[in-house]
Amino acid sequence: MEPDLHKLLMSLRVWAPEVTTLPVFDPESAPADPLPLFTTWFAEAVEAGQPEPHTMSLATSDETGRADVRTVILHGADARGWSFATHVTSRKGRHLTDCPYAALGFYWPLLGRQIRVRGPVTAGTPEESRADLHARSTGALAAALTGRQSETLASLEELNRASETSWTRASADPATPAPTWTLYRLHPDEVEFFQGDEARRHVRLTYGREGERWNRRLLWP
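1. Considering the side chain of Arg113
The topology assignment puts Arg113 in strand β6 (residues 113-123). For Arg113, the side chain forms a polar contact with the side chain of Glu44, separated by 2.6 Å. Leaving out residues up to four positions away in the same chain, Arg113 has contacts with Pro23, Trp41, Glu44, Phe106, Tyr107, Trp108, Phe194 and Gln195.

In structure tokens, the structure reads:
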């Protein structure tokens, strides 16, 4: 029998106390720049045992403004921006070519925290993109060599054959290039930190860029 979606939804809790700790967040103590706060929250998510805290939602749009979203891996965050990578020929790569602006979303339910980042996106140099790929695992290189991301796949057998070939190449030569693999950096013009509260008095602190400086403001939850 098909499951009852409504009953399943009504049976679930948000931030169940047996698994979730909601820290107190004092926005007055937040640093002037969002990057140190992001780094602190990320480290606290890792320490709390949050599964895969480096995964994030990446939202892009095509040339007509139609939005799309998917989950990707954070490759780094520094003064140059929040970085991730994909094939320039993939759907998200094509979106970023046509509309080089995106948004990122992190959700760490063990701490009741979200972080939203949005801003313009630039592509790294070919040298940076190669270095990013070859610093990763053999599996990551094999997946990149398989390529054809977002294209129509005829069958799983076709994927298996292409993947096996790519794994062989990646294992034999870890420096094998994947020409379409591209490192991207999102240079934020807005970063929001959301701390959940059990009484629903959630704290939302937003950083907005003004030239080389940031202004901070609170938002209603």
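2. Things to note about the environment of Glu192
Structurally, Glu192 is set in strand β8 (residues 190-195). The sequence separation of Glu192 and Pro34 amounts to 158 residues, and the corresponding C-alpha distance is 8.5 Å. For Glu192, the side chain forms a polar contact with the side chain of Arg116, separated by 2.6 Å.

3. Comments concerning the packing of aromatic side chains
Applying the stated criterion across every chain yields a total of twelve aromatic pairs. Judged by centre distance (5.2 Å) and plane angle (75 degrees), the rings of Phe25 and Trp41 are edge-to-face. Highlighted residues: Phe25 in the loop between α1 (5-11) and α2 (34-48) and Trp41 in helix α2, separated in sequence by 16 residues. In this structure, Phe25 and Trp41 share a single accessibility class: buried. Between the aromatic rings of Tyr207 and Trp214, the centroid separation amounts to 6.3 Å while the plane-to-plane angle is 85 degrees, which identifies the pairing as edge-to-face. Judged by its relative accessible area of 0%, Tyr207 falls in the buried class. Taken together, the aromatic side chains of Phe25, Trp41, Phe193, Tyr207 and Trp214 make up a single cluster linked through ring pairs.

4. Regarding the nonpolar core
By size, the foremost hydrophobic cluster in this structure holds 29 residues, and its most contacted members are Phe84, Leu104, Phe106 and Ile115. Among the elements of the structure, α2, β1 (55-61), β4 (81-87), β5 (101-108), β6, β7 (181-186), β8 and β9 (203-210) are those that each provide at least two residues to this core. At five residues, α2 tops the list of elements feeding residues into this core. Excluding residues within four positions of it along the chain, Phe84 makes contact with Met56, Leu58, Val72, Ile73, His75, Leu96, Leu104, Val121, Thr182, Leu183 and Tyr184. One finds Ala85, Ala144, Ala178 and Trp181 within the second-largest nonpolar core, a separate group that totals ten residues.

Rules behind the numbers
- Residues numbered from 1 in each chain as written.
- Predicted model: local features only at pLDDT ≥ 70, side-chain atom pairs only at ≥ 80, totals over all residues.
- Heavy atoms only, no water.
- Helix = DSSP H or I, 4+ residues; strand = E, 2+ residues; numbered from the N terminus.
- Polar contact = N/O pair within 3.5 Å; in protein donor to acceptor, adjacent residues only side chain to side chain.
- Contact = heavy atoms within 4.5 Å.
- Phe/Tyr/Trp six-rings, centres within 6.5 Å; stacked < 30°, edge-to-face > 60°.
- Buried < 20%, exposed > 50% of the residue type's maximum accessible area, 1.4 Å probe, protein only.
- Core = buried A, V, L, I, M, F, W, Y, C linked by side-chain atoms within 4.5 Å.

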